[in-house]
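Structural characterization, general
Chain residues, written in single-letter form:
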Amino acid sequence: MLLLVSPDSVAEALDCAKAAEHLDIVDVKKPDEGSLGANYPWVIREIRDSVPADKPVSATVGDAPYKPGTVAQAALGAAVSGATYIKVGLYGCTTPDQAVDVMRGVVRAVKDYRPDAFVVASGYADAHRIGCVNPLALPDIARRSGSDAAMLDTAVKDGTRLFDHVPPEVCADFVRLAHEAGLLAALAGSVTVGDLGALTRIGTDIVGVRGAVCEGGDRNTGSIQPHLVAAFRAEMDRHARDHAAAVAAAS
Ligand SMILES: O=C[C@H](O)COP(=O)(O)O
């Protein structure tokens, strides 16, 4: 499982760089603009220049409206600024067809510019609270649009977590559907170390965190701490080892 960590500034990205050996993807965000809030192009560029070259930089394009042209242009802006993972929150899409429209535009805009870029279609585990597409529709939306991964995060950061809205067995269906479609499955949403056992068992490809690696576990008032990134990674590795041993023992 890959670890994606979301700094909100160049200063926090530098702290991520101190823990670079423990993480896989640096995901630029602006949490005060929403769960998948988009940051400025110059912040993405500066973060790209601040973290080791072998660490991919991801950028969120925002909790996007159903405006395919607007979102495609924003996605290209993130790619031009140096992000190679482009994440779109399908906040304003109420049907799978709308979400496919948005993601097709993003895939074309980004991959015409940079064919090896990685496009992530993100929905929300708490979709029922905001009226957007159902979480389990995401893998098919990603497949139909030519995206590379399907993701879930939470839209409302009020202390509730991924598994409060989409229990582990339904997340397992999400991962299975993504894999059947040839996609990676990414899961986030106030994930804690206590969730890592289940996330590992169901075959999650990428886990995204911010709060869990911030001081005091607080994604808003705390800032990312390199030692918490290292500790989170150590738990991921422990669960990966335990899971591999359990699979081997069962076979
Ligand atoms: O993409 C991952 C998000 O930044 C998750 O943030 P969170 O762990 O604070 O919910």
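In this text, all values refer to a predicted model and were calculated from it rather than measured experimentally.

**Focus: the pairing of strand S1 (residues 2-5)**
The sheet contact formed by S1 and strand S8 (residues 206-209) spans four bridges and is parallel. For Val5, the partnering residue across the bridge sits in S8 and is Val209. Pairing analysis gives two bridges linking S1 to strand S2 (residues 25-28), with the strands arranged parallel. Each residue of the ladder has a partner; that of Leu4, found in S2, is Ile25. Once you follow S1 into helix H1 (residues 10-18) and on to S2, the crossover reads as right-handed.

**Side note on the confidence of the model for the protein chain**
For the protein chain, per-residue confidence averages 97 on the pLDDT scale, and residues scoring 70 or more make up 100% of the total. ipTM for the predicted complex: 0.97, alongside a pTM of 0.97.

**What about the sheet that holds S1?**
Strand order in the closed barrel formed by eight strands is S1-S2-S3-S4-S5-S6-S7-S8, with parallel pairing between adjacent strands. Averaged over all adjacent pairs, the angle separating strand axes in this sheet is 25°, with direction ignored. Of the pairings in the sheet, the one linking strand S6 (residues 149-153) to strand S7 (residues 184-188) comprises four bridges and is parallel in character. The residue of S7 that forms the bridge with Met151 is Ala186. Together, strand S5 (118-124) and S6 form the strand contacts of helix H6 (residues 138-145), whose direction differs from that of S6 by roughly 145°.

**What about the packing of helix H3 (residues 68-80) against helix H4 (residues 96-113)?**
Viewed as axis vectors pointing N to C, H3 and H4 meet at an angle of 30°, and their least axial separation amounts to 8 Å. Judged by the twist between their axes, the crossing of H3 over H4 is right-handed. On H4, the residues that touch Pro68, Val71, Ala72, Ala75, Leu76, Ala79 and Val80 of H3 are Asp101, Val102, Gly105, Val106, Ala109, Val110 and Tyr113. Considered class by class, the residues forming the contact of H3 with H4 number 12 nonpolar, one polar and one charged.

**Examining the side chain of Lys87**
Tracing the backbone through its elements, the reader meets Lys87 in strand S4 (residues 85-89). Classification of Lys87 by relative accessible area gives buried; the value is 1%. When near neighbours in sequence (up to four residues on either side) are disregarded, Lys87 contacts Leu4, Asp27, Lys29, Leu36, Ser58, Ala59, Thr60, Val61, Val120 and Met151.

**Regarding unusual backbone geometry**
Even without being glycine, Ser190 reaches a positive phi, approximately 50°. Inspection of the secondary structure puts Ser190 in the loop between S7 and helix H9 (196-201).

**Here's the deal with the pattern of salt bridges**
One pass over the full model with this rule turns up 23 salt bridges. With a shortest N-O distance of 3.5 Å, Arg129 and Asp126 are connected by a salt bridge. By relative accessible area, Arg129 is classed as partly exposed at 36%. Because the salt bridges share partners, they merge into one network encompassing Asp27, Lys29, Lys87, Asp153 and Lys157.

**A short note on the site of the ligand**
Lining the immediate environment of the ligand, one finds 16 residues, of which Ser6, Lys29, Lys157, Ser190 and Arg219 sit closest. Take Lys157: an N or O atom from its side chain is 2.6 Å from an oxygen atom of the ligand. One of the side-chain nitrogen or oxygen atoms of Arg219 is found 2.6 Å away from an oxygen atom of the ligand. Starting from 310 Å² of accessible surface for the ligand in isolation, the protein chains cover 99%.

**Concerning the environment of Val193**
Structurally, Val193 is set in the loop between S7 and H9. On a C-alpha basis, the gap between Val193 and Asp140 in space is 29 Å, while along the polypeptide they are 53 residues apart. Each residue touching Val193, except ones within four places of it in the same chain, is listed here: Phe232, Glu235 and His239.

**A closer look at the side chain of Arg210**
Residue position: Arg210 is located in the loop between S8 and helix H10 (226-250). From its side chain, Arg210 meets the backbone oxygen of Ser6 in a polar contact 2.9 Å long.

**Side note on helix H8 (residues 168-180)**
With 13 residues, H8 extends 18 Å between its outermost C-alpha atoms, agreeing within 8% with the 18 Å of an ideal straight helix rising 1.5 Å per residue. Of the residues one or two after H8, Gly182 is the one with positive phi, at around 75°.

**A look at H1**
Residues of H1 that are buried include every one of Val10, Glu12, Ala13, Asp15 and Cys16, and no others. For H1, the secondary structure elements touched by its buried residues are S1, helix H2 (41-50) and H10.

Cut-offs and rules
- Residues numbered from 1 in each chain as written.
- Predicted model: local features only at pLDDT ≥ 70, side-chain atom pairs only at ≥ 80, totals over all residues.
- Heavy atoms only, no water.
- Pairing = 2+ DSSP bridges.
- Helix = DSSP H or I, 4+ residues; strand = E, 2+ residues; numbered from the N terminus.
- Right-handed = clockwise from strand over helix to strand, strands pointing away.
- pLDDT = per-residue confidence, 0-100.
- Axes fitted to C-alpha atoms, helices over the stretch in contact; angles between N-to-C directions.
- Contact = heavy atoms within 4.5 Å.
- Left-handed = near helix turned anticlockwise from the far one by under 90°.
- Nonpolar A, V, L, I, M, F, W, Y, C, P; charged D, E, K, R; others polar.
- Buried < 20%, exposed > 50% of the residue type's maximum accessible area, 1.4 Å probe, protein only.
- Salt bridge = Lys/Arg side-chain N within 4 Å of Asp/Glu carboxyl O.
- Near = heavy atom within 4 Å.
- Polar contact = N/O pair within 3.5 Å; in protein donor to acceptor, adjacent residues only side chain to side chain.
- Areas by Shrake-Rupley, 256 points an atom, 1.4 Å probe, with all protein chains shown as cover.
- Expected span 1.5 Å × (residues − 1).

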